[in-house]
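# Architecture and fold: a report
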Amino acid sequence: MKNIQYLKFFISISLLITLFSCNNKNQDVQELLKNAIPAQSKEIEIDFLLGKPSQIALFDQTLIIADNMEEKLLTFYDIRENRFLGRQVQVGQGPNEVIPPILLSRTSESNNLSILQRQSGKYLVYNIDSILNGDLEPSNSLELGIADRITQTGDGFITTGPYNEGSIRIFDNKGNIVKNQNIYPQYIKELSERESQYVFAQGHIAYNKEHKVLAFASYFLGDLAFYKLSGDSLQQLKQLDFSLSNTLRNRITNSNEVGQIMDKDLEYFSDIYATTNYFYLLYTGISRKDKNSISKSYIFKFSAEGELMTTYKTDRKIISFCAKNDDKKGYALALSPDMDYILVEIDL
């Protein structure tokens, strides 16, 4: 009986310590957001319409916006000359046509634009100058199978998806699978359905080629992790938790339910971008039902080794973010007070 009492006491103390630690962690994140540096955004005056854009990328002086308008998927804008360059890439299933939704594999280190067709896993590479001149023939095309997110490495690609073998796939530059790796948290790994695992733990990835570091930022769980790519394996450098509530985590752990995200669940990391020296993480920290009613976002600036350098608080709701490779300015898709999509420039 005495042993049982000791055991109950130990469990109670452990639960209190866990609860206290979670509360402290949540308070630390709230304090970090409270002390964020204000970042004023300047609206870029444009003479063309935006539909419902989902992603923005920067190549030298050209902004590329994923936006299905007039049956074209990409919009091009020259920020140096403030000039609309046109729309390219036809929607469809014919030759040189692309099926949405798409994901831009963004990098500021080359003159190539890469597109992932998320439904089919088809990966297409275009030369920026060629595509602007109307040449829509991809310079390369690969079939990557099930792939929902993608980033380029020095020797190939890394993707995420609802894989049987784990959450990450590493490919060589010919599209051959080099390795599968599971970076899910343990409580996600314990879910029986792979689709449920991915729904709850999905996130954004970006790769720093200079330092060979992958960053993974969870959309709904608030986790952020950095991995060193060594050979064909990812070695974790740092694991961070930016969640503000344990509600979703507790729901997953206690119910083993089929993956379903609710309107009351929080949205955390909604975009990620890598330059030569830094990672930029776009953070919201508010429920999905309220995410478009707010007038601010946060941008975390991390070193390539995973050290938090700066936290910015923007004066607008940001949808997607990219940065110049010299890390002096950022560009973003944002929402105006009238809930229109606009382009903005941010000093970093």
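Residues numbered from 1 in each chain as written. Predicted model: local features only at pLDDT ≥ 70, side-chain atom pairs only at ≥ 80, totals over all residues. Heavy atoms only, no water.

### Considering the overall build of the chain
- What the chain contains, in helices and strands, is 5 helices and 25 strands.
- For the chain, the C-alpha radius of gyration of 21 Å lies close to 20 Å, the compact-globule estimate for 348 residues.
- Dimensions of the chain along its principal axes, counting C-alpha atoms only, are 80 × 45 × 35 Å.
- Taken over 348 residues, the chain has a buried fraction of 52%.
- Contacts in the chain between residues at least 24 apart in sequence constitute 46% of all its contacts with a sequence separation of at least 6.
- Looking at the chain as shown, the accessible area adds up to about 16,500 Å², and 47% of this sits on carbon and sulfur atoms.
- Charge-centre separation for the chain: the mean point of 37 positive side chains lies 6 Å from the mean point of 43 negative side chains. (Helix = DSSP H or I, 4+ residues; strand = E, 2+ residues; numbered from the N terminus. Rg over C-alpha atoms; globule rule 2.2 N^0.38 Å. Buried < 20%, exposed > 50% of the residue type's maximum accessible area, 1.4 Å probe, protein only. Contact = heavy atoms within 4.5 Å. Areas by Shrake-Rupley, 256 points an atom, 1.4 Å probe, with all protein chains shown as cover. Lys, Arg positive; Asp, Glu negative; His and termini not counted. Charge placed at Lys NZ, Arg CZ, Asp CG, Glu CD.)

### A closer look at the packing of aromatic side chains
- Applying the stated criterion to the full structure yields 17 aromatic pairs.
- With centroids separated by 4.6 Å and ring planes inclined at 65°, the aromatic side chains of Y123 and F157 adopt a geometry described as edge-to-face. Taken together, the positions of Y123 in strand β9 (residues 122-127) and F157 in strand β12 (residues 156-163) put the pair 34 residues apart, joining distant regions of the chain. Pair check on accessibility: Y123 and F157 agree, each one buried.
- With 5.9 Å between their ring centres and 40° between their planes, Y268 and Y283 make a pair best called tilted. Here Y283 lies in strand β20 (residues 278-287) and Y268 lies in strand β19 (residues 266-274), a separation of 15 residues in the sequence.
- Among the residues examined, Y268 registers a relative accessible area of 2% and is labelled buried.
- Every member of this aromatic cluster is reached through a ring pair, and the members are F226, F242, Y268, F269, F279, Y283, Y298, F300 and F302.
- The ring of Y163 carries the charged tip of R169 above its face, separated from the ring centre by 4.0 Å.
- Its end group placed over the ring of Y278, K301 keeps NZ or CZ at 4.3 Å from the ring centre. (Phe/Tyr/Trp six-rings, centres within 6.5 Å; stacked < 30°, edge-to-face > 60°. Lys NZ or Arg CZ within 6 Å of the ring centre and 35° of its normal.)

### Some thoughts on the sheet that holds strand β4 (residues 62-69)
- Strand order in the open sheet formed by 4 strands is β3-β4-β5-β6, and the pairing between neighbours is antiparallel. Of all the strands in the sheet, just β3 (55-59) and β6 (83-90) have a single pairing partner and so form its edges. Neighbour-to-neighbour, the strand axes of the sheet open up by a mean angle of 25°, direction not taken into account.
- With 5 bridges connecting them, β3 and β4 associate as antiparallel partners. Note on β4: the bridge partner recorded for A57 is I64. (Pairing = 2+ DSSP bridges. Axes fitted to C-alpha atoms, helices over the stretch in contact; angles between N-to-C directions.)

### Some words on the pairing of strand β11 (residues 149-152)
- Of the two faces of β11, the one carrying R149 and T151 and the one carrying I150 and Q152 are both buried.
- Sheet analysis places β11 next to β12, joined by 4 bridges and oriented antiparallel. Residue pairing for β12: R149 is matched across the bridge by T160.

### Concerning the sheet that holds strand β16 (residues 213-218)
- Pairing is antiparallel in the open sheet, where 4 strands are placed in the order β15-β16-β17-β18. The sheet is open, and its two edges are formed by β15 (203-208) and β18 (233-241), each paired on a single side. Averaged over all pairs of adjacent strands, the angle between strand axes in this sheet comes to 20°, irrespective of strand direction.
- Bridging between β15 and β16 involves 6 bridges; their strand directions are antiparallel. What sits directly across from G203, in β16, is S218.

### What to know about the pattern of salt bridges
- Throughout the structure, instances matching the rule amount to 16 salt bridges.
- Ionic pairing is found between D148 and R149, a salt bridge with its closest N-O pair at 3.8 Å. Each of the two residues, D148 as well as R149, counts as buried.
- Residues joined in a network through salt bridges with shared partners are R118, D148 and R149. (Salt bridge = Lys/Arg side-chain N within 4 Å of Asp/Glu carboxyl O.)

### Quick notes on helix α4 (residues 194-201)
- The set of residues buried in α4 consists of S196, Q197, Y198, F200 and A201.
- Against the buried residues of α4 lie β11, β12, α3 (186-189), β15, β16 and α5 (247-255).

### Focus on the environment of N26
- Mapping N26 onto the fold places it in helix α1 (residues 2-34).
- Its relative accessible area of 10% is what places N26 among the buried residues.
- Spatially, the C-alpha atom of N26 lies 21 Å from that of N254, the residues being 228 residues apart in sequence.
- In contact with N26, not counting residues within four places along its chain, are S243, L244, S245 and N246.

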